[in-house]
Amino acid sequence: MDFHLALMASIENILNLESDYIQIISTSLKVSLTAIIISFAISIPIASILATKNFYGKYFLIVLVNTLMALPPVVVGLLLYIVLSNQGILGSYDLLYTVNAMIIAQAILIIPILISLSQVTLERYYKKYNNLLLSLHASYVKRLFTLVWEAKYDLTINLLVGFGRALSEVGAIIIVGGNIAHLTRTMTTGIVLETSRGDLASAISLGITLIVIALFVNIILYSLKAYGERNIV
Amino acid sequence: MEREILSKAIIQLNKICKKIADRYVLKNINLDIYNEDITVITGHNGAGKSTLLKLLARLSRATSGTITYQDENLIKKSGFIFQKPIFLNRSVRGNLLHALSCAGKKHTIAEDLITKNLTHYNLMHIADLSAMKLSSGEQQLISFIRSILLNPKILFLDEPTSNLDKNYTNIINQEILKLSKNIKIIIVSQSIDQIKKFTDNPIAMEEGKII
């Protein structure tokens, strides 16, 4: 198909807001947003402790987290597939080929990234504020909450990086999700399918949507950061 | 309130050493600090004054040796004023509220305390400004207020007037003298005027040792 014609057809697809197209976007956002929220909730406490405490095995843990960051998504997908399949240890939960499996896969991929980025961010704030917080006799928990609050805008930027990673994920989620129409098909897995079918128009419409959503999220988050820096609490 | 004069030292340092990056910045410090008078620690740059002060305030730990406090509550109710004030990225009010929340004060009580103190020092007009954007004099004064809001029994000050003009220096010095009637003050200073104002017997340091 001629690229120019495909592009025109893709724009028409977007403007017509077909139900299949809306369903795919909705599934993508649901999976990625849920994965990022879960990942953030797990990553921040771990990153906070790594940034503020010395303990036996700390550096091994940091090396492990950094190694997990480089884990190939398809390997994560494969391992999760084995665990979630009927013979797997979590087979009885019937999670395979569901959005929940996709959320788990994305979370596994994003958590090491968020831990690593957040640890570096929080270490910077720890060096800046720890003496002050000690002088105020803040409890350890209070110190952590203070550091996380002070670092909120930088941590939000890290969240953005994680969200972008989640939204663009395809390898792991196509294995555990199955790319099933009206159920587990996302923008990225949809692009893979439509491109392999030769339906460039559908693939391009999903691609454009993906870029626009990523741009929109970036604009909101950077605006929040700028607003926060102008308006002091 | 009359400060109780004690025959025993309130803080005792015994063979204190502190190593930072393969260099001993404090070498075998033995020191008794008593409750009476303002304790002034002086010396040239790099003598180890600030390091010693931070050890006394338990902001850092000694590499070896012991520091004994006559009363643990003394150090738990201490305040510290840094040479360069450190503020959270919040308003003056926000910073003071945070300090009081660290001490477990309820919000309404904290607000009242803050209003009372800022009014006393004619600083209400800057209450809602960013603490990080104040002048150095205003910052140090707010830093001072933050410490005294917590009702400390002992106050550590690390060259609190080194970056200030004469006007703010005088204000801070007056406040230190007023406070010293009720609480123990330990101050690091390189200013001859300040040393003379506060004590006849400063503790002089050189190259990590008391001379």
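Once that is clear, we can look at the overall build of chain B. Of the regular secondary structure elements, chain B holds seven helices and nine strands. Against the 2.2 N^0.38 benchmark of 17 Å for 211 residues, chain B shows a C-alpha radius of gyration of 17 Å, consistent with a compact globule. Each principal axis of the C-alpha atoms in chain B carries an extent, and together these give about 45 × 35 × 35 Å. Of all 211 residues assigned to chain B, the portion counted as buried reaches 53%. For chain B, the proportion of contacts with a sequence separation of at least 24, taken over those separated by at least 6, is 71%. Summing over all exposed atoms, chain B offers an accessible surface of approximately 10600 Å²; the carbon and sulfur share of this is 47%. In chain B, which carries 29 positive and 20 negative side-chain charges, the distance between the mean positions of the two groups comes to 5 Å.

Here we come to the sheet that holds strand β4 (residues 64-69) of chain B. Residue and element names in this part refer to chain B. Spatial strand order, β2-β1-β4: three strands in an open sheet with antiparallel pairing. Two strands bound the open sheet, and with one partner strand each, they are β2 (23-33) and β4. Put simply, the sheet's adjacent strands are angled 20° from each other on average, direction ignored. In the sheet, strand β1 (residues 11-20) pairs with β2 via seven bridges, with the strands oriented antiparallel. In the strand pairing of β2, K19 is matched with Y24.

Here we take up the packing of helix α5 (residues 136-149) of chain B against helix α6 (residues 166-180) of chain B. All names here are of chain B. Closest axis-to-axis distance for the α5/α6 pair is 10 Å, and the angle between their directions is 15°. The orientation of α5 relative to α6 falls into the category roughly parallel. The way α5 lies across α6 gives a crossing that is left-handed. Residue-level inspection shows G137, E138, Q140, L141, F144 and I148 of α5 in contact with α6, the latter providing Y168, I171, I172, E175, I176 and L179. Tallied by class, the residues present in the contact of α5 with α6 amount to eight nonpolar, two polar and two charged.

Moving on, we come to the pattern of salt bridges. All names here are of chain B. Taken as a whole, this structure holds eight salt bridges over all chains when the rule is applied. As a salt-bridge pair, D128 and R93 come within 3.0 Å of each other at their nearest N and O atoms. Here the residue D128 occupies a position in the loop between α4 (107-120) and α5, and R93 occupies one in helix α3 (residues 92-102), the gap between them amounting to 35 residues. We classify D128 as exposed; its relative accessible area is 56%. Overall, R93 belongs to the buried group, its relative accessible area being 17%.

This part takes up the interface of chain B and chain A. With 22 residues of chain B at the contact, the number on the chain A side is 16 residues. Across the chain B/chain A interface, buried area totals approximately 1800 Å², and carbon plus sulfur atoms make up 61% of it. Between chain B and chain A we count one salt bridge in total. Between A:E150 and B:R90 there is a salt bridge whose closest N-O contact spans 2.7 Å. Viewed at the interface, chain A and chain B are joined by seven residue pairs in polar contact (both at pLDDT 80 or more).

As a further point, take helix α1 (residues 3-16) of chain A. The first and last C-alpha atoms of α1(A) sit 20 Å apart over 14 residues, in line with the 20 Å expected at 1.5 Å per residue. Of the residues one or two after α1(A), A:L17 is the one with positive phi, at around 50°.

Evaluation of the coordinates by the stated rule reveals four aromatic pairs over all chains. Their ring planes at 65° and their centres at 6.4 Å tell us that A:Y81 and A:Y97 sit as a pair that is edge-to-face. Here the residue A:Y81 occupies a position in helix α4 (residues 73-84), and A:Y97 occupies one in the loop between α4 and α5 (99-135), the gap between them amounting to 16 residues. Linked through ring pairs, B:F80, B:F82 and B:F156 together constitute an aromatic cluster.

Moving on: helix α7 (residues 152-167) of chain A. Along its 16 residues, α7(A) runs 22 Å from first to last C-alpha, staying within 8% of the 22 Å computed at 1.5 Å per residue. Among all positions in α7(A), only A:K152, A:D154, A:L155, A:I157, A:N158, A:L160, A:G162, A:F163, A:A166 and A:L167 are buried.

Position of B:S78 relative to the elements: it lies in strand β5 (residues 78-81). Residue class for B:S78 comes out buried when judged on its relative accessible area of 5%. A polar contact is formed between the side chain of B:S78 and the backbone oxygen of B:I75, at a distance of 2.8 Å. If we ignore the near neighbours within four places in the chain, the residues touching B:S78 are A:S135, A:H137, B:P152, B:I154 and B:F156.

With that settled, the discussion passes to the packing of α4(A) against α5(A). Residue and element names in this part refer to chain A. The interhelical angle for the contact between α4 and α5, taken along N-to-C directions, is 135°, at an axis separation of 10 Å. Considering the angle they form, α4 stands oblique to α5. The two elements α4 and α5 cross, and the hand of that crossing is right-handed. Note on element contacts: α5 touches α4 through A101, I104, A105, I108 and L109, opposite P73, V76, L80 and L84.

Before going further, it helps to examine the sheet that holds strand β9 (residues 209-210) of chain B. Residue and element names in this part refer to chain B. With mixed pairing, six strands are arranged side by side in an open sheet as β5-β6-β7-β3-β8-β9. Among the strands making up the open sheet, the edge pair consists of β5 and β9. Helix α1 (residues 49-56) contacts β3 (39-43), β5, β6 (154-158), β7 (184-188) and β8 (203-206) of the sheet and is inclined by roughly 150° relative to β3.

As a further point, take the environment of B:A204. All names here are of chain B. Tracing the chain through its elements places A204 in strand β8. Between the alpha carbons of A204 and N14 there is a distance of 17 Å; along the sequence they are 190 residues apart. Those residues in contact with A204, other than ones at most four positions away along the chain, are T42, K209, I210 and I211.

Reading guide: rules and limits
Residues numbered from 1 in each chain as written. Chains lettered and ligands numbered in written order. Predicted model: local features only at pLDDT ≥ 70, side-chain atom pairs only at ≥ 80, totals over all residues. Heavy atoms only, no water. Helix = DSSP H or I, 4+ residues; strand = E, 2+ residues; numbered from the N terminus. Rg over C-alpha atoms; globule rule 2.2 N^0.38 Å. Buried < 20%, exposed > 50% of the residue type's maximum accessible area, 1.4 Å probe, protein only. Contact = heavy atoms within 4.5 Å. Areas by Shrake-Rupley, 256 points an atom, 1.4 Å probe, with all protein chains shown as cover. Lys, Arg positive; Asp, Glu negative; His and termini not counted. Charge placed at Lys NZ, Arg CZ, Asp CG, Glu CD. Pairing = 2+ DSSP bridges. Axes fitted to C-alpha atoms, helices over the stretch in contact; angles between N-to-C directions. Parallel < 35°, antiparallel > 145°, perpendicular 65-115°, else oblique. Left-handed = near helix turned anticlockwise from the far one by under 90°. Nonpolar A, V, L, I, M, F, W, Y, C, P; charged D, E, K, R; others polar. Salt bridge = Lys/Arg side-chain N within 4 Å of Asp/Glu carboxyl O. Buried area = accessible area lost by both parts, 1.4 Å probe. Polar contact = N/O pair within 3.5 Å; in protein donor to acceptor, adjacent residues only side chain to side chain. Expected span 1.5 Å × (residues − 1). Phe/Tyr/Trp six-rings, centres within 6.5 Å; stacked < 30°, edge-to-face > 60°.

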